[in-house]
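Breakdown of the fold
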Amino acid sequence: MAASDPGALILDLPLSAFPANPLCWGAVAITRDGPDGYRVRRGVLSLAPRITPAAHCPVKIGGVQVALDAAPVAWAWEERGSVAQLRALRSSDCRVEAWLRFARAPSLAGGAATDVRFGIPGAPNFSTLDLTRPVVQPCPRDLPKWAYPRDDLLGMP
């Protein structure tokens, strides 16, 4: 990954093994790109690309068809986001503030907030929060006291 984008700072690499093939893993990469940018990528990682290239890993779990070469990682989807937008939404929408206590790979696309670990935008899942609906009071209560997984983007203590 560093070779494909040498200026990016890797913040997190959540991985999930495919149940049917221990050589294939679902991969998400969260990187910091410059002072206000971040990028979230989703794809497939092969632990043994000479035996099973990433392109030969299951498509369904990866979500999208990946490149057809022998690379160990095949990125199938990516989104670039604004740190300022993420921070502004956290400050102005109590639902987003609560959601960010859970979201490790945040996407803000298509009027929704989604944790990309569980699916790409446009394929809603249990982590998807509709941002087009107005904020209603009261805000979520009894939130966990754990740290924000993306406080590296939010700039929080």
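Here, the structure is the one placed above.
Keep in mind that what you see is a predicted model, and the values were worked out from it rather than measured. (Residues numbered from 1 in each chain as written. Predicted model: local features only at pLDDT ≥ 70, side-chain atom pairs only at ≥ 80, totals over all residues. Heavy atoms only, no water.)

1. Looking at the state of the cysteines
Applying the stated criterion across every chain, the model contains 2 disulfides. With a sulfur-sulfur separation of 2.1 Å, Cys24 is cross-linked through a disulfide to Cys57. Its S-S torsion of about -80 degrees marks the bond between Cys24 and Cys57 as left-handed, since a negative value means left-handed. On the criterion of sequence distance, the pair formed by Cys24 in strand β3 (residues 21–33) and Cys57 in the loop between β4 (37–46) and α1 (59–62) is long-range, its members being 33 residues apart. When sorted by exposure, Cys24 lands in the same class as Cys57, which is buried. Two residues share a disulfide in this structure: Cys94 and Cys139, whose sulfurs sit 2.0 Å from each other. Handedness of the Cys94-Cys139 disulfide follows from its S-S torsion of about -85 degrees: it is left-handed. Note that Cys94 is positioned in helix α3 (residues 94–99) and Cys139 in the loop between β8 (129–130) and α4 (151–154), a separation of 45 residues in sequence. (Disulfide = S-S within 2.5 Å. Helix = DSSP H or I, 4+ residues; strand = E, 2+ residues; numbered from the N terminus. Buried < 20%, exposed > 50% of the residue type's maximum accessible area, 1.4 Å probe, protein only.)

2. Let's talk about unusual backbone geometry
Although it is not a glycine, Asp142 sits at a positive phi angle of roughly 55 degrees. Mapped onto the secondary structure, Asp142 falls in the loop between β8 and α4.

3. Points about the sheet that holds strand β6 (residues 106–109)
Strand order in this open sheet of 3 strands is β6-β7-β8, and the pairing throughout is antiparallel. Of all strands in the sheet, those bounded by a partner on one side alone are β6 and β8. (Pairing = 2+ DSSP bridges.)

4. Observations concerning a nonpolar patch on the surface
There is a patch of nonpolar side chains on the surface, built from Phe102, Phe118 and Phe126 and spanning about 310 Å² of accessible area. With respect to the secondary-structure elements, Phe102 resides in the loop between α3 and β6. (Patch = residues over 30% accessible without salt bridge, like charges linked within 9 Å, V, L, I, M, F, W, Y side chains within 5 Å. Areas by Shrake-Rupley, 256 points an atom, 1.4 Å probe, with all protein chains shown as cover. Salt bridge = Lys/Arg side-chain N within 4 Å of Asp/Glu carboxyl O.)

5. What to know about the nonpolar core
With 20 residues, the main nonpolar core has Tyr38, Val40, Leu86, Trp99, Leu100, Ala105 and Leu108 as its most contacted residues. Secondary structure elements with two or more residues in this core: β3, β4, α2 (83–92), α3 and α4. The biggest single contributor to this core is α2, with 3 residues. For Leu100, the residues in contact, after removing those within four places along its chain, are Leu86, Arg90, Tyr148, Pro149 and Leu154. (Core = buried A, V, L, I, M, F, W, Y, C linked by side-chain atoms within 4.5 Å. Contact = heavy atoms within 4.5 Å.)

6. Quick word on α2
Of all the positions in α2, only Val83, Leu86 and Leu89 are classed as buried. Mapping the buried residues of α2 onto a view down its axis gives an arc of 130 degrees, with all of them on the same face. Every exposed residue of α2 that faces more than 90 degrees away from the buried side is listed here: Ser91 and Ser92. (Arc of directions from axis to C-beta.)

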